[in-house]
Amino acid sequence: MSDQEIHVGGTLVWYYYVCKREVWLMGRHITPDEDDTNVVLGRFLAEQSYHRDKKEVSFGNIKFDIIRHDNRGLVVGEVKKSSKHSKSARMQLAYYLWELSGKGIEATGELLFPREKKRELVELNPELVSELERAKRDILRIIYDPIPPKAEKKSICRNCAYAEFCWS
Ligand code: SF4
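- As recorded by an unreviewed UniProt entry, the protein carries the name CRISPR-associated exonuclease Cas4 and is attributed to Desulfallas thermosapovorans DSM 6562.
- For the protein, the Sequence similarities (unreviewed entry) comment in UniProt is given as "Belongs to the CRISPR-associated exonuclease Cas4 family."

Structural data, given as structure tokens:
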């Protein structure tokens, strides 16, 4: 694989904290079934929730579900199906904030869990940045590895669009 083919973005960061094997699959553009129920549900929730906010804005390689201005300044939001993987969601959003900060744009993050009617604030700090740097290095190491990490059965496998690939 060449360097040009790999861009570590927020989505890969999310997968990194959920399943390293998924990072390898996504990083190599082995995409899951777009009609899988979980992929469809995630898309539906992002489209239908929080109507008042401006949605799906791209900034270079970064895609935001929501972007708006309020008394905190620029706020970028990420919509999630549930708070079950809140660490992954937090790191994904922190990664977006870090990328924006690198371009001179300071923003606050907001995680949105519409089905649970919950919001969570995410703010960049030096500890988060160190963890993101470490995660980014490890994500690249995983993707450059010619062999994917071994599949390990966990509860999320049941709802993963790669389940057939991993377990059949
Ligand atoms: S099915 Fe399980 S092991 Fe395979 S990619 Fe999905 S979460 Fe990872």
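That was the structure; now back to the text.
## A closer look at the pairing of strand S2 (residues 62-70)
Within a regular beta strand, the side chains point alternately toward one face of the sheet and then the other, so they alternate between its two faces.
Then, in step 1: In this structure, S2 lies alongside strand S3 (residues 73-79), joined through five bridges in antiparallel fashion. Residue pairing across strands places Arg68 opposite Val75, the latter belonging to S3.
Then, in step 2: Between S2 and the antiparallel strand that follows it, S3, lie two residues.

## Details of empty space enclosed by the protein
Then, in step 1: In the structure shown here, the tally under the stated rule is one cavity of 30 Å³ or more.
Then, in step 2: Reported here for the largest cavity is a volume of approximately 110 Å³.
Then, in step 3: If you trace the largest cavity, you find 14 residues lining it, with Cys19, Glu22, Cys157, Cys160 and Cys166 closest to the centre.
Then, in step 4: Partitioning the lining of the largest cavity into residue classes produces ten nonpolar, no polar and four charged.

## Quick notes on the environment of Tyr17
Then, in step 1: Turning to its location among the elements, Tyr17 is positioned in the loop between helix H1 (10-16) and helix H2 (20-27).
Then, in step 2: Along the sequence, Tyr17 and Ser88 sit 71 residues apart, while their C-alpha atoms lie 5.1 Å from each other.
Then, in step 3: In contact with Tyr17, other than residues within four places in its own chain, are Lys87, Ser88, Met91, Glu131, Arg134 and Ala135.
Then, in step 4: Reaching out from Tyr17, the side chain makes a polar contact with the side chain of Glu131 at a distance of 3.0 Å.

## Re the site of the ligand
Then, in step 1: The environment of the ligand is made up of Cys19, Glu22, Glu152, Ile156, Cys157, Cys160, Tyr162, Ala163, Cys166 and Trp167.
Then, in step 2: Counting atoms within 2 Å of the grid points, the majority share of the ligand lands in the largest cavity.
Then, in step 3: In terms of residue count, the dominant contributor to the shell around the ligand is helix H6 (residues 163-167) (three residues).
Then, in step 4: Of the residues belonging to the shell around the ligand, the class tally is eight nonpolar, no polar and two charged.

## Thoughts on the pattern of salt bridges
Then, in step 1: Using the criterion set out here, one finds ten salt bridges in the structure.
Then, in step 2: Between Glu110 and Arg72 there is a salt bridge, with the nearest N and O atoms lying 3.3 Å from each other. Of the two residues, Glu110 is situated in strand S4 (residues 108-113) and Arg72 in the loop between S2 and S3; the sequence distance between them amounts to 38 residues.
Then, in step 3: According to the relative accessible area criterion, Glu110 is buried, its value standing at 7%.
Then, in step 4: Between Lys87 and Glu131 there is a salt bridge; the shortest N-O distance is 3.1 Å. In this pair, Lys87 is assigned in helix H4 (residues 86-102) and Glu131 in helix H5 (residues 126-144), connecting sequence segments 44 residues apart.
Then, in step 5: A relative accessible area of 37% means that Lys87 is categorised as partly exposed.
Then, in step 6: Within this structure, Arg68, Asp70, Arg72, Glu110 and Arg119 form a network of salt bridges that share partners.

Basis of the calculations
Residues numbered from 1 in each chain as written. Predicted model: local features only at pLDDT ≥ 70, side-chain atom pairs only at ≥ 80, totals over all residues. Heavy atoms only, no water. UniProt positions renumbered as here; feature names shortened; annotations may be inferred. Pairing = 2+ DSSP bridges. Helix = DSSP H or I, 4+ residues; strand = E, 2+ residues; numbered from the N terminus. 1 Å grid on protein atoms, 1.4 Å probe; cavity = no way out; pocket = protein on both sides within 12 Å on 5 of 7 lines; lining within 4 Å. Points joined across faces, edges and corners; volume = space filled by probe spheres on them. Nonpolar A, V, L, I, M, F, W, Y, C, P; charged D, E, K, R; others polar. Contact = heavy atoms within 4.5 Å. Polar contact = N/O pair within 3.5 Å; in protein donor to acceptor, adjacent residues only side chain to side chain. Near = heavy atom within 4 Å. Sits in = over half its atoms within 2 Å of the grid points. Salt bridge = Lys/Arg side-chain N within 4 Å of Asp/Glu carboxyl O. Buried < 20%, exposed > 50% of the residue type's maximum accessible area, 1.4 Å probe, protein only.

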